[in-house]
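A structural walkthrough
The primary structure of each chain is shown beneath.
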Amino acid sequence: MTENASGVSGVSYAAAGVDIEAGETAVELMRAWVAKAQRPESVGAIGGFAGLFDASALKSYRRPLLASATDGVGTKVAVAQRMDVHDTIGRDLVAMVVDDLVVCGAEPLFMTDYVCVGKVYPERVAAIVKGIAEGCALAGCALVGGETAEHPGLLGPEEYDLAGAGTGVVEADALLGAERVRAGDVIVALASSGLHSNGYSLVRHVFFDLAGWSIERHVPEFGRTLGEELLEPTRIYSLDCLALARATEVHAFAHITGGGLASNVARVIPDGLAAVIDRGSWAPAPVFDVVGAAGGVARGELERTLNMGVGMVAVVPQASADEALAALAARGVPAWVAGEVVAREDGADAATLTGDYAR
């Protein structure tokens, strides 16, 4: 209890569960990390009411289109909380946002974040923002602002969630998408780093509820613990995709997230055409087989839920395929030709998987 202006004892904000001083400490701890996630166009520093970005940088564009995206990381946060490891989940958040932006050819410019916690532990909040800032640096965008909110009673003291929003820019005549895709184009698959940030409700149900595995269990197929595998950060493709589009002709990108490979590729295939993807062109990482075996999950369900080893797809003219693969290899991104675009038969899906996975 505290005294109010009249000298009478009353309930305080802290007694209700919100610690303003802890929030201020968290801001101070994250300040150095945010400073590392800037661009030349960034204006001001952490602590303002709004993030600022110098839009005069867009004057060099003939017709700049702004692209925006927002996302979270889903129930992967439950794994971070279970592991008590909080400095990588922010990279997942950045990946989910910026790699949606780059699909249309947009360069990510800046992001803002929203971290909602049941209780502010300053070091934990700073670790989360550290991951976000590192992700922004990997994506080439600025972290211009954010919000940390303490919601006691809505979330437990150890619980939190996070979301982010990003803005990018693309020249109107460089916009990528289904309108550019033609029959004869090839599907170039870019390898994922693992599960990325989708399907964790299924994955957690399989490992923790059905199989009864502990987070510390060493899994021979992974060469590390279950928790370490599940927390592997999502690969951030934005700079790789932008470099690829500069190096050769690209017609479309597809970010492989919720819904799996076929449904996301279908989003960039125009009417009358279909993408045919050969499973035999790659061997998914062990984690996908282990999920299936541990939970008795059918292949079709795995493919509808998980990325199966492909985190991004580029649709390029056949003549550009070798150049595309060379450009990606030079950037250290494993990639391969996984299929082609053909005329769609009546009643056929816009994207299908054929054959069996390589072993």
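As shown above, the structure is provided for reference.
How each quantity is defined
Each chain has its residues counted from 1, running along the sequence as written. Predicted model: local features are reported for residues with pLDDT of at least 70 only, side-chain atom pairs are reported and counted for 80 or more only, and whole-chain, interface and lining totals are derived from all residues. Each side-chain value is worked out from all heavy atoms of the structure, with water and hydrogens disregarded. A pair of strands counts as paired when DSSP detects no fewer than two bridges linking them. Helical segments are the DSSP runs of H or I of at least four residues, strand segments are the runs of E of at least two, and each set is numbered from the N terminus. In this description, a line fitted to the C-alpha atoms serves as the axis of each element, helices being fitted only across the stretch in contact, and the angle between N-to-C directions of two axes falls anywhere from 0 to 180 degrees. Contacts: residue pairs with any heavy atoms within 4.5 Å of one another. The pairing test for Phe, Tyr and Trp rings, Trp by its six-membered ring, is centres within 6.5 Å, and the orientation test on the planes gives stacked under 30 degrees, edge-to-face over 60, and tilted for anything in between. Only protein chains enter the accessibility calculation, which uses a 1.4 Å probe. A residue is then buried if its area is under 20% of the maximum for its type, exposed if over 50%, and partly exposed in between. In this analysis, the expected span of each helix is defined as 1.5 Å times one less than the number of residues it contains.

Regarding the sheet that holds strand β7 (residues 142–150)
If you walk across this open sheet you meet the 4 strands as β5-β8-β6-β7, and the pairing is mixed. Where the open sheet ends on each side, the last strands, each with one partner, are β5 (64–72) and β7. For this sheet the average axis-to-axis angle between neighbouring strands, irrespective of direction, equals 15°. Relative to strand β8 (residues 160–171), strand β6 (residues 107–117) runs antiparallel, the two sharing 10 bridges. Bridge pairing links Asp 113 to Gly 164 in β8. Against the sheet, helix α4 (residues 122–139) engages β6, β7 and β8, with an angle of about 155° to β7.

A word on the packing of aromatic side chains
What the rule picks out here adds up to 3 aromatic pairs. With a centroid separation of 5.8 Å and 35° between ring planes, the pair formed by Trp 282 and Trp 336 is classed as tilted. Taken together, the positions of Trp 282 in the loop between β13 (273–278) and α9 (286–295) and Trp 336 in strand β15 (residues 335–343) put the pair 54 residues apart, joining distant regions of the chain. Just as Trp 282 is buried, Trp 336 falls in that class too. Both rings, one in Trp 282 and one in Tyr 357, keep their centres 5.4 Å apart while their planes meet at 70°; by these two values the pair is edge-to-face. One end of the pair, Trp 282, is in the loop between β13 and α9; the other, Tyr 357, is in the segment after β16 (351–354), with 75 residues separating them in the sequence. On the accessibility criterion, Trp 282 (5% relative accessible area) is buried. Linked through ring pairs, Trp 282, Trp 336 and Tyr 357 together constitute an aromatic cluster.

Looking at helix α3 (residues 89–101)
If you check α3, its first and last C-alpha atoms are 19 Å apart, about what 13 residues at 1.5 Å a residue would give, namely 18 Å. Among the 13 residues that make up α3, 11 are buried, leaving the element largely enclosed by the rest of the structure. Along α3, the residues that are buried comprise Ile 89, Gly 90, Asp 92, Leu 93, Val 94, Ala 95, Met 96, Val 97, Val 98, Asp 99 and Leu 101.

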